[in-house]
Structure formats: structure tokens, C-alpha cells
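Structural description and commentary
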Amino acid sequence: MSDEGMIDRSNELKEKITGLFAGSSIVEQLNLVDTLQHLSIDHHFHEQILSTLRSTHAGEFNSSSIHDVALRFRLLRQQGLWVSPDVFSKFKDEDGTFHANIANDPRGLLSLYNASYLFTHGETELEDNILFARQHLESMEGKLDYTLAEQVRRALHLPLPRTLKRVEALHYISEYKEEPMHNSSILEFAKLDFNLLQRLHLKELKALSRWWKNLYREVGLNYSRDRVVECYLWSYTAYYEQEYTRARIILAKIIAIIIMTDDTYDVRATLVECRQLNEAIQRWDESAVSLLPEYLQKFYLKLMSTFKEFEDELKPDEKYRVSFSTKAFQILSSNYLQEAEWFHQNYKPRFNDQVNVSSMCSGGPWVCVGLLVGMGDTVTKEALEWALGCTDAVRACAEVTRFMNDLASFKRGKNKNDVASSVECYISEHGVPSEVAIAKIGSLIEDAWKTTNQARFELPELLPAVQRVANITISMPFMYDDKTDAFTFSSRLEGTIKRLFVNPIEL
Ligand SMILES: [Mg+2]
């Protein structure tokens, strides 16, 4: 089908779906919102969804179904609307255990499980819910209908709030027709929309690949990882929507620069050269190129011209954003240098010092600033200052990135020039076996998720930025699934990449 034909048909369907919001009950509306999000077409119904969630939040809700209560809890919390964990009390006895019938309700348990993963610090009852739901869902293995069984299997591996939306949508698009209440207009719209977006994404990916090939050849740093598709994929996890082309491309380029800079500090440069490179990056002026060894000079000039190109792509009142990005890159560079100093002096830092530096070196904090650069009007100077400040959700993103990477590389064994990882620093500082250190890092990752969840309530005016930062955090379990680093060892991602960017869904 031509683009035009697909767009016309989508518009028809979209109108039909919009009509579904009117005249349905609150529970029906919540299920509709869930379906649209699950199929990753919610961006077309932003206003209707927001008004549904806001009015649900303001109103009474008396359902006796744990599925309904948990669904409402999850949808509202994800949207930055606070709901108390007390909503689950009515399903529990006085001693805090769930009523017996809950244990036999797989759909309710799955909703409870996914919802409870929106916990914030100190909400131990939600952690208990997770354990309870997990235990009963595991015991039902083999007894559930196929689609529910598949959803349970995926959720037990990775709960919905930590699942990459587009990848989950691919699964759900093929499962949705089995749902008893499914709506064929919604399904058709989801497929059309996925395919239309895929054409756009593939076009972007091709343009980005040309940019990268030229850059890679021009700067001649052959020791650097050649991973342009993965750079694009990572950027795409922050935003997939049509109107974010500019943001997506800028972020993918930023990630490509991170990889190249990281590999220069880690793999190639001597300590003296690391210091020279950092000095030049801090000066950020073409004249500083003379500080550098010859093999880094083209790279340095290319860095400067790439940032200049970002500026050219922004509107006059947005151009100031690039200076935040430059600053974030300079912070990253000085942390890379700190790691190099530690490594070359064979110094094992204290755990906390190591985490402070290596979280910055994960690239996460710069990605969080960089993802805002090309976005539209929702980005304010406050949002950029918040991201650059590397607090709450940004810090959490950096920690999840760092810790998941460290758990993966601890399993694999390290790179030649890698500094002692958080796992190793913890082991040597506390004199504990590796299992204890790994468990500790795991609990710090959970803390970071709580911080991420909490950030949605603390900074309502920054919510659009917080949600995109959370998307980056959510990409980490995907990138480091089963403790392997898919970014560096990307064969695991190949099938997913083809389904996301190359092979259309059959209509
Ligand atoms: Mg490194």
C-alpha cells in the first residue's frame, strides 16, 4: 500500500477509535488506555488519555476487581498521578495476606504484579505484592491460555513498566486478536501505524548510516566500535514518534560520539594523551587541536563541527540547548580522564567514589541532556538544568546503566584498559565474595528504579523530560538482558532490529 493510502485509512480508523472514549464506563476507558499504550499507538490519543486519567484520578473508584484497581494504579502512577498503595488493602485480610480467591485469578495477579513495580522508596507492601503475585503466577505455568501465558512469561522475565514499549507492542500486536474483547479497528490501526513509522525509521537509519560511515572514515579511529544501528536503536528507545525525527537523529549522533570517545580513553590513548584530549575538550576551541596527537586531531575537529551542526538544526530560541550538551560532554570527558588516571596508576577507588565517577562515564547523564536537545517545545531551560545537574531520575538512569553494564562485564571479564568496576571495588572494600557484591549491586539497581518512579510525582513541570529519561533507563534491561552487553555484542539484537526497522507487519 502507498503511504497515502495507509495514511487515509489510518485517519479513518483514528476517528473511530477516538469515538470509543465517549460514552464508556471508567473501567472500559482504563482498559482502552491500556490497550492503546500496549499497542504503542497512545501517542495519537494523547489528549483523550490525559483527560481520562485526570478525571479518573479526581473521582471515586469502587471496583471490587483487583485487575481494575491495579490497572488504574499503574496507569495513573505512570502518568505522574499519585495513588496510595492502600488501594490494595481491601483485597487483604487484617494480617495483610491477600484473600484466597486472588491467588486463583491470573489476570488480576498479572496486573497486580506489573502495577506494583511502580513502587517508590519505602513502599514495602508493594514489594510484598510482587513476591506474592510472582509466586502464584509461577505456579500457574502450563495452565494458562496461550496469550495470557505469553504475557505472564514476559512479565516474569521483565515487568511491563521496565519493558521496551515498541518491542512489547510487536508481541502484543500479534496477541491482541485473541483477546475476548478485542476491537478490529484498533488492531488494524496499530499495524498500519507501526508500518508507517517503520518506513520513517528506516529512512532515518539510512541517513544516519551515511553520516556515520563518512565520519568513521574521516576520523580514522579504527579501534572504535562500529555500531551505528545500535546507536540509532538506543536513541529510538527514548522516542519513536513521528515528530521526534530531529531529536532522534541528534541523540543517535551523540551516542555515536560517546562510543568513540569512550573507546579512545579506554582502548587506545596513553595517560598523557587522555590528559591532552580532556584539556582540548575543556577548552572547546579549534585552536586547542594543537594540544593533541595527530591521530586525534581530525576527531576533535569533527566533534566541534558536529555540535555546530546541532546548533544549525535548532530554531533560534532553541540554540542555547547546545551549550548544555557541550557542558555535559565536558563533564563526561573529565570523568573519563579520572577513570584513566585510576587505571594507569593501578589505583582501586573506594566504592562510592568509583560509582560517582563511573556513573557519569556510563554516558547516561549526557544521553539525558542530549535527548532534550532536539525535542520540541516541551523542553525548557529548567529541564536542561535539571538533566545537567544529574539528580534523581537522571542519576538513577546513570546508575542503572553503570550497574547493569558492570554486572555484564563482570560475567564476561573486562576490557584491557577498564578501570576496576563497581563489583570489584565493592568486593575489595568490604572483603565479601562476588555473590554478595552482585546482590548489593542488584539492590542498588532496585533503589534506582524507585527513584525513577518517584521522580514522576516530584517534578510535575518536568514530567515530559522525566518520562524520556525513564525511557532510557527502561532500555537498559533490554540492552543488558541476561547480563550480556547487546550494545557491544549485538548479534542478540539482530532479530529485534529487523522487526523494528525492516520487516513490516503483515496487515
Ligand atoms: Mg569506559
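Residues numbered from 1 in each chain as written. Predicted model: local features only at pLDDT ≥ 70, side-chain atom pairs only at ≥ 80, totals over all residues.

1. A closer look at the overall build of the protein
The test is simple: To qualify as a helix, a DSSP run of H or I must reach at least 4 residues; to qualify as a strand, a run of E must reach at least 2; elements of each kind are numbered from the N terminus. Within these notes, the globule rule equals 2.2 Å times the number of residues to the 0.38 power, and the radius of gyration is based on C-alpha atoms. Each residue is classed by its C-beta neighbour count within 10 Å, where at least 20 other C-beta atoms makes it buried, 12 or fewer makes it exposed, and intermediate counts make it partly exposed; the C-beta atoms are placed from backbone geometry. Note on contacts: each residue gets a C-beta atom placed from the backbone, and two residues are in contact if those atoms are within 7 Å.
In terms of regular secondary structure, the protein is built from 22 helices and zero strands. Its C-alpha atoms give the protein a radius of gyration of 24 Å, near enough to 23 Å, the size a compact globule of 507 residues would have. By its C-alpha atoms, the protein is 70 × 60 × 40 Å across when sized along the principal axes. For the protein, buried positions account for 40% of its 507 residues. Within the protein, contacts between residues at least 6 apart in sequence are counted, and of these 71% link residues at least 24 apart.

2. Structural notes on helix 1 (residues 3-21)
Our working definition: A helix is expected to span 1.5 Å for every residue after the first.
Its 19 residues give helix 1 an end-to-end C-alpha distance of 27 Å, which sits within 8% of 27 Å, the value for a rise of 1.5 Å per residue. Downstream of helix 1 by one or two residues, glycine 23 has phi in the positive range, about 75°.

3. Section: the domain arrangement of the protein
Formally: Where a domain begins and ends is set by an automatic assignment or by a domain database.
Taken domain by domain, the protein comprises domain 1 (3-189) and domain 2 (220-501). Contact with domain 1, which involves 13 residues of that partner, is made by 17 residues of domain 2.

4. Concerning the nonpolar core
One recurring pattern in soluble globular proteins is that nonpolar side chains are buried together. Keep this limit in mind: We call a set of buried Ala, Val, Leu, Ile, Met, Phe, Trp, Tyr and Cys residues a nonpolar core when their C-beta atoms link them within 7 Å.
Among the nonpolar cores identified, the biggest contains 138 residues, and Ile255, Leu372 and Ala387 are the most heavily contacted of them. Residue contributions to this core peak at 13 residues, all from helix 11 (residues 245-268). In terms of domain composition, this core takes at least three residues from each of domain 1 (3-189) and domain 2 (220-501). Beyond its immediate sequence surroundings of up to four residues, alanine 387 is in contact with Cys368, Val369, Leu372, Val394 and Ala465.

5. Focus: the packing of helix 13 (residues 294-313) against helix 14 (residues 321-344)
Put simply, the rule is: Axis definition: a line fitted to C-alpha atoms, over the contacting stretch in the case of helices. Angles run 0 to 180 degrees between N-to-C directions. Roughly parallel refers to an angle under 35 degrees, roughly antiparallel to one over 145, roughly perpendicular to one between 65 and 115, and oblique to any angle outside these ranges. In a left-handed crossing the near helix is turned counterclockwise from the far helix by less than a right angle, and in a right-handed crossing that turn is clockwise. Under the scheme applied here, ten amino acids are nonpolar (Ala, Val, Leu, Ile, Met, Phe, Trp, Tyr, Cys and Pro), four are charged (Asp, Glu, Lys and Arg), and all others, including Gly, are polar.
With their axes 9 Å apart at the nearest point, helix 13 and helix 14 run at an angle of 155° to one another. Classified by the interaxial angle, the pair formed by helix 13 and helix 14 is roughly antiparallel. In the crossing of helix 13 with helix 14, the sense of the turn from one axis to the other is right-handed. Together, Phe307, Phe310 and Glu311 of helix 13 and Val322, Ser325 and Thr326 of helix 14 make up the contact between the two elements. For the contact of helix 13 with helix 14, the class distribution of residues is three nonpolar, two polar and one charged.

6. With respect to the UniProt feature "domain: Terpene synthase N-terminal" (unreviewed entry) in the protein
Note the following rule: UniProt positions are given in the numbering used here, feature names are shortened, and annotations may be inferred rather than shown by experiment.
In the numbering used here, UniProt assigns the feature "domain: Terpene synthase N-terminal" (unreviewed entry) to residues 4-156. Secondary structure content for residues 4-156 is 62% helix and 0% strand, while the C-alpha to C-alpha distance between its ends is 41 Å.

7. Some points on the environment of tyrosine 244
For tyrosine 244, the location among the structural elements is in the loop between helix 10 (228-238) and helix 11. The class of tyrosine 244 is buried, set by 21 C-beta atoms lying within 10 Å. Apart from residues lying up to four places away in sequence, tyrosine 244 is in contact with Tyr239 and Met375.

8. Some remarks on unusual backbone geometry
A positive phi is found at serine 40, a non-glycine position, where the angle reads about 60°. If you trace the backbone, serine 40 turns up in the loop between helix 2 (26-38) and helix 3 (46-58). Here tryptophan 284, not a glycine, exhibits a phi torsion of approximately 50°, which is positive. As for its position among the elements, tryptophan 284 is in the loop between helix 12 (271-283) and helix 13. Among the residues examined, tryptophan 284 registers 16 C-beta atoms within 10 Å and is labelled partly exposed.

9. Description of helix 7 (residues 146-157)
Condition: Note that the arc is defined by the directions from the helix axis to the C-beta atoms.
Along its twelve residues, helix 7 runs 17 Å from first to last C-alpha, staying within 8% of the 16 Å computed at 1.5 Å per residue. The set of residues buried in helix 7 consists of Gln151, Val152 and Ala155. Considered in projection along helix 7, the buried side chains sweep an arc of 100° and stay on one side of the axis. Within helix 7, the exposed residues directed more than 90 degrees away from the buried face are Tyr146, Arg153 and His157. Check the buried side of helix 7 and you find it contacts helix 5 (106-116) and helix 6 (124-139).

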